Amino acid sequence: MKVYLDNAATTMVRKEVVDAMIPAFTTYYGNPSSLHEFAREAEQLLDSARKDVANVIGAKPDEIVFTGGGSESDNMALRGAVAANKKKGKHVITSAVEHHAVLYTLQAMEREGLIDLTILPVDEYAIVSAESVTSALRDDTVLVSIMFANNEVGTINPIAEIGKVCRDKGVLFHTDAVQATGHVPIDVVKMNIDLMAISAHKFHGPKGVGVLYIRKGVRIPSLIIGGGQEKKRRAGTENVPGIVGLATALKLTNEHMAENAVKVGALRDKLLKGIADRIPDVKLNGHPINRLPNNVNYSIRYIEGESILLMLDINGIAASSGSACTSGSLDPSHVLLAMGLPHEIAHGSLRLTLSEFTTEEEINYVLDLLPQIIQRLRDMSPLYPKQHNA
Ligand SMILES: *Cc1c(COP(=O)(O)O)cnc(C)c1O
């Protein structure tokens, strides 16, 4: 049996999305900037995709800029917002649990002397409180960047509250909504969001295409320089098939969001409870309630996350330890460390992320296998206390 439980890293492109993309490769392949019928057809596809995306997040079509993915959208938002506000100041606020597309970009900007950076701590669940943002704000603060939902532990932040704090102070608010999009309702107007990153491959769309929402009135310079595409906000011939795929995937995900949250949430709860019931010495990471409906993240004491992944892989189960980008190295997760977990426990984390295509049979298979795998690894582990072996 092959079981894919790494949907926070990437997802399967759904069939309807592939079907919608094919004509953009084979029939409507014109360059939208050219002056002929092929171009106009391609441009119509872009226009309609832009409207669809805007509708889902409560934005206007011209507030949607298509990019090359979530990382690019984050980079553009951060570098652009700082460059556009040089006169006002250079203080930026973020959190310790951001995706590296945000955290490493801001740390690089700090080394380049472009910003003064405040990295807010989080609580034991990885929540960034609006109060901590309020108390970190200064007269020279130009940008706050706090993620909507965490990619490792699934914790959802109080984004509307943080947005309100920033708007009241006239400070730009960027949120990395790459994990949240398609899983929880988002309204950029009600939530006072100025800039927001989205990535198609996290909700059954294609890889390498994303969105940066830029609120009307917020002017930030382009990250990619060249042609005048995307109203001069992102140079480069538009990835028309990718953009069609992104919009189709987002529309479909959004239409089924409520029913999927219930369906996926029930399987997630079965997995959460099954692990807690069958495996001793585990600790749930992330908030028990304010979490994405598809995320399970446990620390498994006395063994390394990587060794669990290997054993799961041998048995056809795709899972993750920490984030996709850091596994492969033996560094403990920066998210778990920021939540206050000691090093030895932060090493032994297991992330299982479901999708609407996950089945009950698959969850049962994992619940049958995982306790045996963990017992075997613990029996071999020198860290495992003797009394457990009796
Ligand atoms: C996956 C991810 C990104 C990066 O998106 P890409 O499209 O892969 O560049 C950024 N932020 C979060 C929270 C993510 O989960």
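Described below are features of the structure shown in this document. (Residues numbered from 1 in each chain as written. Predicted model: local features only at pLDDT ≥ 70, side-chain atom pairs only at ≥ 80, totals over all residues. Heavy atoms only, no water.)

## What about the site of the ligand?
To be explicit about the condition: By convention in this text, a residue qualifies as near a molecule or strand provided that one of its non-hydrogen atoms is within 4 Å of it. Two N or O atoms form a polar contact when they lie within 3.5 Å of each other; inside protein one atom must be a possible hydrogen donor and the other a possible acceptor, and for residues adjacent in sequence the pair counts only when both atoms belong to side chains. The Shrake-Rupley method, run with a 1.4 Å probe, gives the accessible areas here. Residue values count only the displayed protein chains as cover. Secondary structure elements are taken from DSSP: a helix is a run of H or I of four residues or more, a strand is a run of E of two residues or more, and numbering for both begins at the N terminus. Gly is put with the polar residues, along with every residue not named as nonpolar or charged; the nonpolar set is Ala, Val, Leu, Ile, Met, Phe, Trp, Tyr, Cys and Pro, and the charged set is Asp, Glu, Lys and Arg.
Around the ligand, the structure places 13 residues, and the nearest of them are Ser71, Asp176, Gln179, Ser199 and Lys202. In the environment of the ligand, a nitrogen atom lies 2.6 Å from a nitrogen or oxygen atom belonging to the side chain of Asp176. The separation between an oxygen atom of the ligand and a polar side-chain atom of His201 is 2.9 Å. When isolated, the ligand has an accessible area of 380 Å², and the protein chains bury 87% of it. The element best represented in the shell around the ligand is helix 3 (residues 70-84), accounting for 3 residues. Looking at the shell around the ligand residue by residue, the class counts come to 2 nonpolar, 8 polar and 3 charged.

## Some points on helix 9 (residues 257-278)
Because an α-helix packs 3.6 residues into every turn, residues spaced three or four apart end up facing the same way. Inclusion rule: In this analysis, the expected span of each helix is defined as 1.5 Å times one less than the number of residues it contains. Here the term buried applies to any residue with accessible area under 20% of the maximum for its type, exposed to any over 50%, and partly exposed to those in between, with areas from a 1.4 Å probe on protein chains only. What makes two residues a contact is simply this: any of their non-hydrogen atoms within 4.5 Å.
In this model, helix 9 (22 residues) spans 31 Å end to end at C-alpha, consistent with the 32 Å of a helix rising 1.5 Å per residue. Along helix 9, the residues that are buried comprise Met257, Asn260, Val264, Gly265, Leu267, Arg268, Leu271, Leu272, Gly274 and Ile275. Among the structural elements, helix 8 (240-255), strand 9 (282-284), strand 10 (295-300), strand 12 (349-353) and helix 13 (360-380) are those in contact with the buried residues of helix 9.

## With respect to the sheet that holds strand 4 (residues 116-120)
Stated precisely, the cut-off is as follows: A pair of strands counts as paired when DSSP detects no fewer than two bridges linking them. Axis geometry follows a simple rule: fit a line to the C-alpha atoms, using only the stretch in contact for helices, then measure angles between N-to-C directions, giving values from 0 to 180 degrees.
Spatial strand order, 2-8-7-6-5-3-4: 7 strands in an open sheet with mixed pairing. On the outer flanks of this sheet lie strand 2 (64-67) and strand 4, each paired with one strand and no other. Looking at each pair of strands side by side, their axes are set apart by 20° on average, direction ignored. The pairing of strand 5 (residues 141-145) with strand 6 (residues 172-176) spans 3 bridges and is classified as parallel. Each bridged residue has a counterpart across the sheet, and for Leu143 the counterpart in strand 6 is Leu172. Where helix 6 (residues 159-169) meets the sheet, it contacts strand 5 and strand 6, and its direction lies at approximately 160° from that of strand 6.

## Here we look at unusual backbone geometry
The phi dihedral of Ala126 falls on the positive side, at around 80°, and the residue is not glycine. Phi is positive for Lys232, close to 65°, though the residue is something other than glycine. Position of Lys232 among the secondary structure elements: in helix 7 (residues 229-232). Assessed through its relative accessible area of 68%, Lys232 is described here as exposed.

## Details of the sheet that holds strand 10
In a beta sheet, neighbouring strands pair by backbone hydrogen bonds and run either parallel or antiparallel. An order of 9-10-12 is seen for the 3 strands of this open sheet, with the pairing classed as antiparallel. The two strands at the open ends of the sheet, each matched to only one other strand, are strand 9 and strand 12. On average, adjacent strands in this sheet sit at an angle of 25° to one another, irrespective of strand direction. Where helix 9 meets the sheet, it contacts strand 9, strand 10 and strand 12, and its direction lies at approximately 15° from that of strand 10.

## Looking at the pairing of strand 8 (residues 210-214)
Counting buried residues along strand 8, 5 of its 5 residues qualify, which places the element largely inside the surrounding structure. Side chains Gly210, Leu212 and Ile214 project from strand 8 onto one buried face, and the interleaved Val211 and Tyr213 project onto a second face that is buried too. The pairing of strand 7 (residues 195-199) with strand 8 spans 5 bridges and is antiparallel. The partner of Ser199 across the bridge, within strand 8, is Gly210.

## Some points on the nonpolar core
Rule in force here: In these notes, a set of buried Ala, Val, Leu, Ile, Met, Phe, Trp, Tyr and Cys residues joined through side-chain atoms within 4.5 Å is what counts as a nonpolar core. As used throughout, domain bounds are those supplied by an automatic or database domain assignment.
By size, the foremost hydrophobic cluster in this structure holds 63 residues, and its most contacted members are Ile57, Ile64, Val144, Phe148, Ile193 and Met196. Among the elements that make up this core, the one with the highest residue count is helix 8 (7 residues). Split by domain, the residues of this core number at least three in each of domain 1 (3-10 + 257-382) and domain 2 (15-255). Beyond its immediate chain neighbours, meaning those up to four positions away, Ile64 contacts Arg50, Val53, Ala54, Ile57, Ala59, Val211, Leu212, Tyr213, Glu230 and Arg233. By size, the runner-up hydrophobic cluster in this structure holds 29 residues, among which are Leu272, Val366, Leu370 and Leu377.

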